[in-house]
Amino acid sequence: MYADRKELSNLKILPHTHFSCLLFFYLYLFFGRPGEQKHLKELPSLQWMHLAVVACGNRLEETLIMLKSAVLFSYRKLKFHIFAEDSLKPEFEKKLREWPSSYTKKFDYNLYPIAFSVGNAQEWKKLFKPCAAQRLFLPVILKDVDSLLYVDTDVLFLRPIDDIWRFLKEFNSTQLAAMAPEHEIPKIGWYSRFARHPYYGTTGVNSGVMLMNLTRIRNTQFKNSMIPAGLMWEEMLYPLYQKYKNYITWGDQDLLNIIFYFNPECLYVFPCQWNYRPDHCMYGSNCKGAEEEGISVLHGNRGVYHDDKQPTFKALYEVIRDFPFEDNLFQSLYYPLQSKFLDTVHTLCGRIPQVFLKQIEKTMKKVYENRVIVHMGANYRY
């Protein structure tokens, strides 16, 4: 799986970057001195982290690359809940079976049909993008799941899912879902300029990355604009859609914004680096959290993985897509990524590579520091 020492000697490192130094230190410490054997300890089997995605039409490859990024970087075991059209199910099963056992042991998965429990199924299916409204019905369908992370197919994880999963512990007694703002600057945000319906906060929220406590959602009565009394989640969805269907543009995301406009105490808002989109850099960098900490979750909406408008996003997608599972992560994933970024500096997003690489650098630094501490501790004597 890992490169031998001769391969390391041939590894080209771009000079004068924090990333390159940390990468070199990591490789040296990981492989150790000649003749020294290093073994990775098996991680303990802990509670499952549940990840849901909905795939219709031509979204098979995107979904698989998203799942791949989740498996590559996470520690705890994952349970994938994949909602897909019938025509895609055999392909999902075939592709996931082809992954090496060293990775398939890190996750389990269930495949589900596209299903809407209330209202007109065809109407729901065509709302905004094909099948996107399925996410609204996750609390109803996954009755045995307590908490869940939903993501769009065009999401990539740049750090362990374990880290976003920890936000569940930060929920107060009324919060039952977490999303990031749709925009950071109200005066240029879509909702603040164009929305014809209620929306959360000053800029609305984006539903492409949504962390949910499903148990709380199922047990909560939601305030609404239809009747004085509260409504349970499932009984609220179709009447809400019927009332606002002529005023919404972004489908299910707009409905979620309406719900949390009337129930703001139920929403936890996490920072923009957990749902980083082209809007955060294509007109100039406006996600302070990403500038400070780096991008945690990349969301390539606007189809940017498949055209040349935002090559920085496309580079990340292609490097993760092309990474062979059994290769060395640092030589076959991070180094090619750094090289590809050199070709994106003509764009505003490409001029801030540190925002895209900072989480990687932090991971390298942490590994390096831990190994130095362990080495010093083993040799230090009072």
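Residues numbered from 1 in each chain as written. Predicted model: local features only at pLDDT ≥ 70, side-chain atom pairs only at ≥ 80, totals over all residues. Heavy atoms only, no water.

Visitor: Break down the overall build of the protein for me, with residues and values.
Guide: Of the regular secondary structure elements, the protein holds 16 helices and 11 strands. The buried share among the 382 residues of the protein stands at 53%. In the protein, of all internal contacts separated by at least 6 residues, the share reaching a separation of at least 24 is 73%. For the protein, the accessible surface area stands at approximately 18,400 Å², while carbon and sulfur atoms represent 54% of it. (Helix = DSSP H or I, 4+ residues; strand = E, 2+ residues; numbered from the N terminus. Buried < 20%, exposed > 50% of the residue type's maximum accessible area, 1.4 Å probe, protein only. Contact = heavy atoms within 4.5 Å. Areas by Shrake-Rupley, 256 points an atom, 1.4 Å probe, with all protein chains shown as cover.)

Visitor: Any details on the packing of aromatic side chains? Residues and values, ideally.
Guide: Going through the model one piece at a time under the given rule, you end up with 26 aromatic pairs. Through pairs of rings, three or more aromatic residues link up here, namely F80, W99, Y103, F107 and F325. The ring centre of F325 lies 5.0 Å from the NZ or CZ of K68, which sits over that ring. One Lys or Arg, K79, reaches over the ring of W48 and ends 4.9 Å from the middle of that ring. (Phe/Tyr/Trp six-rings, centres within 6.5 Å; stacked < 30°, edge-to-face > 60°. Lys NZ or Arg CZ within 6 Å of the ring centre and 35° of its normal.)

Visitor: I'd like to hear about the state of the cysteines, residue by residue, with values.
Guide: Applying the stated criterion across every chain yields a total of three disulfides. In this model, C56 is linked to C131 through a disulfide, with the two sulfur atoms separated by 1.9 Å. Between C56 and C131, the S-S torsion sits near -95 degrees, and that sign places the bridge as left-handed. Here C131 lies in the loop between α6 (121-125) and α7 (138-141) and C56 lies in the loop between β1 (49-55) and α3 (60-73), a separation of 75 residues in the sequence. (Disulfide = S-S within 2.5 Å.)

Visitor: Before we move on, could you go through helix α14 (residues 311-322) and cite the residues and values that matter?
Guide: Relative to the 16 Å expected for 12 residues at 1.5 Å per residue, α14 spans 16 Å between its end C-alpha atoms, a close match to the ideal helical length. Counting buried residues along α14, 10 of its 12 residues qualify, which places the element largely inside the surrounding structure. Those residues of α14 that sit buried are P311, T312, F313, K314, A315, L316, Y317, E318, V319 and I320. (Expected span 1.5 Å × (residues − 1).)

Visitor: A description of the sheet that holds strand β3 (residues 107-112) should follow, citing residues and the corresponding values.
Guide: With respect to topology, seven strands assemble into an open sheet ordered β3-β2-β1-β4-β7-β6-β10, the strand pairing being mixed. In this open sheet, the two edge strands, each paired with only one partner strand, are β3 and β10 (267-269). Mean inter-strand twist for the sheet, computed between neighbouring axes without regard to direction, equals 25 degrees. Where β1 and strand β2 (residues 78-84) come together, seven bridges link them in parallel fashion. Paired with M49 across the strands is L78, a residue of β2. Contacts from α3 reach β1, β2, β3 and β4 (147-151) within the one sheet, and its direction differs from that of β1 by about 165 degrees. Set on the sheet, helix α12 (residues 252-262) makes contact with β6 (177-181), β7 (205-213) and β10; between it and β7 the angle comes to about 65 degrees. (Pairing = 2+ DSSP bridges. Axes fitted to C-alpha atoms, helices over the stretch in contact; angles between N-to-C directions.)

Visitor: Before we move on, could you go through the pattern of salt bridges and cite the residues and values that matter?
Guide: Counting across every chain of the model gives 16 salt bridges. A salt bridge links K125 to E85, with the shortest nitrogen-to-oxygen separation between them at 3.5 Å. In this pair, K125 is assigned in helix α6 and E85 in the loop between β2 and α4 (89-98), connecting sequence segments 40 residues apart. Here E123 ties to K245 by a salt bridge, and the two come within 3.7 Å at their closest N and O atoms. Note that E123 is positioned in helix α6 and K245 in the loop between α11 (233-244) and α12, a separation of 122 residues in sequence. The class of E123 is partly exposed, set by a relative accessible area of 23%. Salt bridges linked by common partners bring R135, D152 and D252 together as one network. (Salt bridge = Lys/Arg side-chain N within 4 Å of Asp/Glu carboxyl O.)

Visitor: I'd like a description of the packing of α3 against α14, backed by residues and values.
Guide: Helix-helix packing is described using two parameters, namely the angle between the two axes and the distance between the axes. Contact pair α3 / α14: the axes reach a minimum separation of 10 Å and the direction vectors enclose 75 degrees. In terms of axis orientation, α3 runs roughly perpendicular to α14. Across the interface between the two elements, E61, E62, I65, K68, S69 and L72 of α3 pack against Y317, I320, R321 and D322 of α14. Tallied by class, the residues present in the contact of α3 with α14 amount to four nonpolar, one polar and five charged. (Parallel < 35°, antiparallel > 145°, perpendicular 65-115°, else oblique. Nonpolar A, V, L, I, M, F, W, Y, C, P; charged D, E, K, R; others polar.)

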